[in-house]
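Here are the chains, one letter per residue:
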Amino acid sequence: MPCLGPGHHGLTTQIPHTVDIALPSHAQVPKVDGVSLRVFWYPESSFRAGVDVITVDNIPVKIFSAEKTIADCFKYRSKIGLDIAIEALRAYREGTRKPNRAALTKFAQINRVQKVMRPYLEAVL
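For clarity, every value in this text was computed on a predicted model and none was experimentally measured.

Q: How do you make sense of the packing of aromatic side chains when you look at a structure like this?
A: Each aromatic ring pair is specified by the distance between its two centres and by the angle formed by the two planes. This structure, assessed with the given rule, holds four aromatic pairs. When the centroid spacing of 5.4 Å and the interplanar angle of 45 degrees are considered together, the rings of Tyr-42 and Phe-64 count as tilted. One end of the pair, Tyr-42, is in strand S2 (residues 37-42); the other, Phe-64, is in strand S4 (residues 59-64), and 22 residues separate them in sequence. You can call Tyr-42 buried: its relative accessible area is 0%. Assessed through its relative accessible area of 0%, Phe-64 is described here as buried. With a centroid separation of 5.5 Å and 65 degrees between ring planes, the pair formed by Tyr-42 and Tyr-76 is classed as edge-to-face. Separated by 34 residues along the polypeptide, Tyr-42 in strand S2 and Tyr-76 in the loop between helix H2 (66-75) and helix H3 (77-80) bring together distant segments of the chain. One aromatic cluster is present, built from ring pairs that chain together Phe-40, Tyr-42, Phe-64 and Tyr-76.

Q: Just checking my understanding: could you explain the pattern of salt bridges for this structure?
A: A pair can form between side chains of opposite charge whenever their charged atoms are brought close. Following the criterion strictly, the structure yields four salt bridges and no others. A salt bridge links Lys-68 to Asp-72, with the nearest nitrogen and oxygen atoms 2.8 Å apart. On the criterion of helical spacing, the pair formed by Lys-68 and Asp-72 is a turn pair, its members being four residues apart in helix H2. Residues Arg-93 and Glu-94 are paired through a salt bridge, measuring 2.8 Å at the closest nitrogen-oxygen approach. Judged by relative accessible area, which is 33%, Arg-93 ranks as partly exposed. Given a relative accessible area of 57%, Glu-94 falls into the exposed group.

Definitions and cut-offs
Residues numbered from 1 in each chain as written. Predicted model: local features only at pLDDT ≥ 70, side-chain atom pairs only at ≥ 80, totals over all residues. Heavy atoms only, no water. Phe/Tyr/Trp six-rings, centres within 6.5 Å; stacked < 30°, edge-to-face > 60°. Helix = DSSP H or I, 4+ residues; strand = E, 2+ residues; numbered from the N terminus. Buried < 20%, exposed > 50% of the residue type's maximum accessible area, 1.4 Å probe, protein only. Salt bridge = Lys/Arg side-chain N within 4 Å of Asp/Glu carboxyl O.

Dropping the structure here:
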């Protein structure tokens, strides 16, 4: 199960009150003592797209790529806030690597948010 990655990718200044996880539709929610989880549900095609593996304390952890994370922020803008999606896009633009507009567009299409993201991509990138 991938974790959403705005914090890992440096795309937000927000301090989360929960651990955000992505799960495929109809999956069982894990129980973790003492940890507040916020679950984001994904159709299988979106759940499998844009997954990277990083190592945390010698443990492989799946997270979404920066571009997939931004598309997810726009997809879940009503849950996390449009301001966070825009902040993520701006931070991505100002990051250490060149923005990959093709990847952003690809994940926007997978998430069916290309019409929502288009004006922000044009304004910010």
